[in-house]
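What follows is each chain in one-letter form.
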Amino acid sequence: MLLAIDTSTAHTGIACYAATGLLGECSWFSGRDHTVQLVPQIHMLLRHIGAGPTDVQALAVALGPGSWSGLRVGMSTAKGMALARDLPLIGVGTLDALVYQHYRPGMPVYPIIRLGRERFATAAFPAPPAPPYVTPARNVTLAEIVSEVAGRTLFCGEIDADTRAALVGALGSACVFPTPAASQRRPGFLAELAWLRWQAGDTDDRATLEPIYLGQPVKQAPAAP
């Protein structure tokens, strides 16, 4: 069984996947409380599906882009569990998991993750992601995204009302969005992508795997002399 962890943003998710398919998943708004909430939720999900920690045979983790602190929590938890029991670890780009969840044949997809300061992480996907499921991401403005769009395009991710209004104002009917419920990032898709890689014998180095950070940390004002 594979356990997948996604702490890329304020919406956290975990999922368990096996040869029979998705065994269970849980997603919730964690805000910035990833550290406090993640491990108890993992234990709860394992209990709900009748499994225990020793049933986990592989770990998957969302690499981002996303929240600096959130990504660190997910990565450290996944690495800790993998190293403690010598389990394989698979990293999957968060944008790839979003596109895998939402892709529609014949329609390009722009997954969007807010980075702050009017910056967004995205990548253009004319087709579903391919192994190793870590597509290079960019740190851009909405204006830069709009300048690239030609024709009907699906936008997915955590798109708030202001971002949606800005896209529609610039692109009109060319914008396609999932419904609010469908927009929720589901960890089951992350788990499925990781499962495919694991079954193909494609895993990551537990020591060197790192999150994808696109944003810039807030610079502290220099101390007064």
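Everything below is about the structure shown above.
Now for a description of the structure that goes with this document. Once a new chain begins, its residue numbering starts again from 1 and follows that chain's sequence as written. Predicted model: local features are reported for residues with pLDDT of at least 70 only, side-chain atom pairs are reported and counted for 80 or more only, and whole-chain, interface and lining totals are derived from all residues. Excluded from the side-chain calculation are hydrogens and water; included are all heavy atoms of the structure.

### Quick notes on the pattern of salt bridges
- Salt bridge, as used here, is a side-chain nitrogen of Lys or Arg placed within 4 Å of a carboxyl oxygen of Asp or Glu. If you walk through the whole model with that rule in mind, you get 8 salt bridges.
- Asp86 is the salt-bridge partner of Arg206, the closest N and O atoms lying 2.9 Å from each other. Residue Arg206 is located in the segment after helix 7 (187-199), and its partner Asp86 is located in the loop between helix 2 (68-85) and strand 5 (89-92); the two are separated by 120 residues in the primary sequence.
- Here Glu158 ties to Arg185 by a salt bridge, and the two come within 2.9 Å at their closest N and O atoms. In this pair, Glu158 is assigned in the loop between strand 9 (153-157) and helix 5 (161-171) and Arg185 in the loop between helix 6 (180-183) and helix 7, connecting sequence segments 27 residues apart.
- Of the residues examined, Glu158 reaches a relative accessible area of 33% and is grouped as partly exposed.
- With a 1.4 Å probe rolled over the protein chains alone, any residue whose accessible area is under 20% of its type maximum counts as buried; one over 50% counts as exposed, and the rest are partly exposed. For Arg185, a relative accessible area of 7% gives the class buried.
- A single network of salt bridges, built from pairs that share partners, joins Asp6, Glu158 and Arg185. We count a stretch as a helix when DSSP gives it H or I for four or more residues in a row; a strand needs E for two or more, and each element gets its number in order from the N terminus.

### As for the packing of helix 3 (residues 94-102) against helix 7
- To define axes, lines are fitted to C-alpha atoms, for helices over the stretch in contact only, and angles between the resulting N-to-C directions are given on a 0 to 180 degree scale. Relative orientation of the contacting elements helix 3 and helix 7 amounts to 105°, with a least axis distance of 9 Å. One way to sum up the angle between helix 3 and helix 7 is to call them roughly perpendicular. Contacts between helix 3 and helix 7 pair Asp96, Ala97, Tyr100 and Gln101 from the former with Phe189, Leu190, Glu192, Leu193 and Leu196 from the latter.
- Along the lines of polarity and charge, the residues of the contact of helix 3 with helix 7 split into 6 nonpolar, 1 polar and 2 charged. Roughly parallel means an angle under 35 degrees; roughly antiparallel means over 145; roughly perpendicular covers 65 to 115; every other angle is labelled oblique. Any two residues whose heavy atoms approach within 4.5 Å are treated as being in contact. In this classification, Asp, Glu, Lys and Arg are treated as charged, Ala, Val, Leu, Ile, Met, Phe, Trp, Tyr, Cys and Pro as nonpolar, and every other residue, Gly included, as polar.

### Observations regarding the side chain of Thr7
- Along the polypeptide, Thr7 turns up in the loop between strand 1 (2-6) and strand 2 (11-18).
- What makes Thr7 buried here is its relative accessible area of 1%.
- For the purposes of these results, a polar contact is taken to be a pair of N or O atoms within 3.5 Å, where, inside protein, one atom must be able to donate a hydrogen and its partner to accept one; residues adjacent in sequence count only when each atom of the pair is a side-chain atom. A polar contact of 3.1 Å, which involves the side chain of Thr7, links it to the backbone nitrogen of Gly74.
- In this structure Thr7 touches Thr12, His34, Leu38, Gly70, Leu71, Val73 and Gly74, once residues within four positions along its chain are discounted.

### Points about helix 1 (residues 34-48)
- Helix span, as expected, comes to 1.5 Å for every residue beyond the first. In this model helix 1 runs 20 Å from its N-terminal to its C-terminal C-alpha over 15 residues, within 8% of the 21 Å that 1.5 Å per residue would give.
- Summarising the contacts, the buried residues of helix 1 are in contact with strand 1, strand 2, strand 3 (21-29) and helix 2.

### Digging into the layout of surface pockets
- Of the volumes computed, that of the second largest pocket is approximately 200 Å³.
- Looking at the second largest pocket, it is lined by 13 residues, and the ones nearest its centre are Gly157, Glu158, Ile159, Pro180 and Ser183.
- The set of elements that each furnish at least two residues to the lining of the second largest pocket consists of strand 9 and helix 6.
- Grouping the amino acids of the lining of the second largest pocket by side-chain chemistry returns 5 nonpolar, 5 polar and 3 charged. Here a cavity denotes a set of grid points, spaced 1 Å apart and computed over the protein atoms alone, in which a 1.4 Å probe fits but from which it cannot get out, and a pocket denotes an open set meeting protein on both sides within 12 Å along at least five of seven lines; residues with an atom within 4 Å of a point are reported as lining. Grid points are joined across faces, edges and corners, and a volume is the space filled by probe spheres set on the points.

### A word on the packing of aromatic side chains
- Two rings from Phe, Tyr or Trp (for Trp, the six-membered ring) form a pair when their centres are within 6.5 Å of each other. A pair whose planes differ by under 30 degrees is stacked, one over 60 is edge-to-face, and the rest are tilted. According to the stated counting rule, one finds 6 aromatic pairs in the structure shown.
- Here Tyr17 and Trp195 contribute two aromatic rings whose centre-to-centre distance is 5.6 Å and whose plane-to-plane angle is 45°, an arrangement assigned as tilted. In this pair, Tyr17 sits in strand 2 while Trp195 sits in helix 7, placing the two residues 178 residues apart along the sequence.
- In this structure Tyr17 comes out as buried when scored by relative accessible area, which is 9%.

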